[in-house]
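Summary of structural features
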Amino acid sequence: MTIKELEQRTGMPRANIRYYEEEGLLTPKRLGNGYRDYSEEDLETLRRVKLLRALGLPLEDIKALQAGTLDLPAALRTQ
């Protein structure tokens with residue numbers, strides 16, 4: 001899916017999506033023309049990030065959760 005579709009489905013601005021990609025939370029495929037092709041997995045990752053940010057979790061904790069080095073109950077206890 002395109003970034004525009006991702007914006008519509010997450011309600012997240014393009015700048016935020018690009019930021020999370022720069023931070024390594026998303027890894028969309030690249031098409032032959034260089035455009036990003038976001039997957040359903042990328043969509044779910046963004047939805048999860050949006051929820052965790054709304055709960056006040058810092059980006060470093062979200063990265064640790066995604067990497068599997070931190071579990072959700074421990075992350076929420078420190079909040």
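Residues numbered from 1 in each chain as written. Predicted model: local features only at pLDDT ≥ 70, side-chain atom pairs only at ≥ 80, totals over all residues. Heavy atoms only, no water.

Bringing the nonpolar core into the picture now. Within the largest apolar cluster, 18 residues are counted, with the highest numbers of intra-cluster contacts made by Leu 6, Ile 17, Tyr 20, Tyr 38 and Leu 46. Taken together, the elements giving at least two residues each to this core come down to α1 (3–10), α2 (14–22), α3 (40–54) and α4 (59–67). Per element, the largest residue contribution to this core is 4 residues, and it comes from α3. If near-sequence neighbours (up to four positions away) are discounted, Leu 6 is found in contact with Met 1, Gly 11, Ile 17, Tyr 38, Leu 43 and Leu 46. (Core = buried A, V, L, I, M, F, W, Y, C linked by side-chain atoms within 4.5 Å. Buried < 20%, exposed > 50% of the residue type's maximum accessible area, 1.4 Å probe, protein only. Helix = DSSP H or I, 4+ residues; strand = E, 2+ residues; numbered from the N terminus. Contact = heavy atoms within 4.5 Å.)

With that settled, consider the confidence of the model for the protein chain. Confidence along the protein chain averages 94 in pLDDT terms, with 100% of residues attaining 70 or more. For the protein chain, the element scoring lowest by mean pLDDT is helix α5 (residues 72–77), at 90; α2 scores highest, at 97. (pLDDT = per-residue confidence, 0-100.)

What follows concerns α4. Of all the positions in α4, only Leu 59, Asp 61, Ile 62, Ala 64 and Leu 65 are classed as buried. Those residues of α4 that are buried are in contact with α2, α3 and α5. Phi for Gly 68, located one or two positions after α4, is positive at around 85°.

Let us look at the environment of Arg 77. Mapped onto the secondary structure, Arg 77 falls in helix α5. For Arg 77, a relative accessible area of 65% puts it in the exposed group. Between the C-alpha atom of Arg 77 and that of Lys 29, which follows or precedes it by 48 residues, the distance is 35 Å.

Here we take up the pattern of salt bridges. Tallied over the entire structure, the rule returns 6 salt bridges. Measuring nitrogen to oxygen at the nearest pair gives 3.1 Å for the salt bridge that ties Arg 9 to Glu 40. Separated by 31 residues along the polypeptide, Arg 9 in helix α1 and Glu 40 in helix α3 bring together distant segments of the chain. With relative accessibility at 47%, the residue Glu 40 sits in the partly exposed group. With a shortest N-O distance of 3.7 Å, Glu 60 and Lys 63 are connected by a salt bridge. Taken as a pair, Glu 60 and Lys 63 lie in helix α4 at a separation of 3 residues, close to a single helical turn. For Glu 60, a relative accessible area of 53% gives the class exposed. Overall, the relative accessible area of 23% leaves Lys 63 in the partly exposed class. (Salt bridge = Lys/Arg side-chain N within 4 Å of Asp/Glu carboxyl O.)

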